[in-house]
Amino acid sequence: MGKGTVVEALLRRDASLWLSRSWTTRQQRKGEASDAYVFTDPSSFEARIAVGGFLEWTEFLGNYYGTPLPEAPEGKDVVLEIELDGAQQVRERHPDSLLVFVLPPSRAEQERRLRRRGDPDDKVEARLRKAEQEEPIGIALADVVLVNDDLDEVVSQLAQVIVDERTRRQPRSD
């Protein structure tokens, strides 16, 4: 139950959220939904980079990942499910964005989740090393840090963070 699981549960709970589907050049995992990403080839991804077609993008473990410039339906708040590099780019372009960093309850649990979804050993090890490096940076960058140890609880916490942010951003009528 990684960040994708959390985001999908959040979207089911709050109909006023819209997920901007990321692009990737990695292969689709066995059992992964075909709409989890826009799966594409490196040359198509690079062509989109060249024309400024991404809000954020990064290379991660030998594959590209990126978020196209979002075009959310009217009245919807945009949700991005992104890596740390992307979050840094979003913060630079949109300083008022709300960044939530979702942590696994432990590195051992993170490893168990990666292995359960079928990642090869070398990718699991690389992801764990990268997580060790990125965690302090993500915590410092984020507006909110949540621990994903219970799906219902973390989704409830995240939903409340969004409600609080919407309330904070409403114009005052004094």
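Residues numbered from 1 in each chain as written. Predicted model: local features only at pLDDT ≥ 70, side-chain atom pairs only at ≥ 80, totals over all residues. Heavy atoms only, no water.

(A) Region of the structure containing the side chain of threonine 58. In this structure, threonine 58 sits in strand E4 (residues 54–60). With residues up to four places along the chain from it excluded, the contact list for threonine 58 reads Asn63, Tyr64, Tyr65 and Asp85. (Helix = DSSP H or I, 4+ residues; strand = E, 2+ residues; numbered from the N terminus. Contact = heavy atoms within 4.5 Å.)

(B) Highlighting the pattern of salt bridges. Under the counting rule described, the total for this entry stands at 21 salt bridges. Note that aspartate 119 and arginine 29 form a salt bridge whose closest N and O atoms lie 2.9 Å from each other. In this pair, aspartate 119 sits in the loop between helix H4 (107–116) and helix H5 (121–141) while arginine 29 sits in the loop between strand E2 (23–24) and strand E3 (38–39), placing the two residues 90 residues apart along the sequence. Taking the shortest distance from any N to any O, the salt bridge between arginine 112 and glutamate 109 comes out at 2.5 Å. A residue pair is termed a helical-turn pair when its members lie 3 or 4 positions apart in one helix, as arginine 112 and glutamate 109 do in helix H4 at 3 residues. (Salt bridge = Lys/Arg side-chain N within 4 Å of Asp/Glu carboxyl O.)

(C) Summary view of the pairing of strand E5 (residues 63–68). Counting buried positions along E5 yields 6 of 6 residues, so the element is predominantly enclosed. Side chains Asn63, Tyr65 and Thr67 project from E5 onto one buried face, and the interleaved Tyr64, Gly66 and Pro68 project onto a second face that is buried too. Alignment of E2 against E5, held across 2 bridges, turns out to be antiparallel. Opposite tryptophan 23, over in E5, you have glycine 66 as the bridge partner. Across 6 bridges, the pairing between E4 and E5 is antiparallel. When the bridges of E5 are listed, tryptophan 57 appears paired with glycine 66. Turn length for the E4-E5 hairpin, with the two strands adjacent in sequence and antiparallel, is 2 residues, and the turn residue leucine 61 shows positive phi of about 55°. (Buried < 20%, exposed > 50% of the residue type's maximum accessible area, 1.4 Å probe, protein only. Pairing = 2+ DSSP bridges.)

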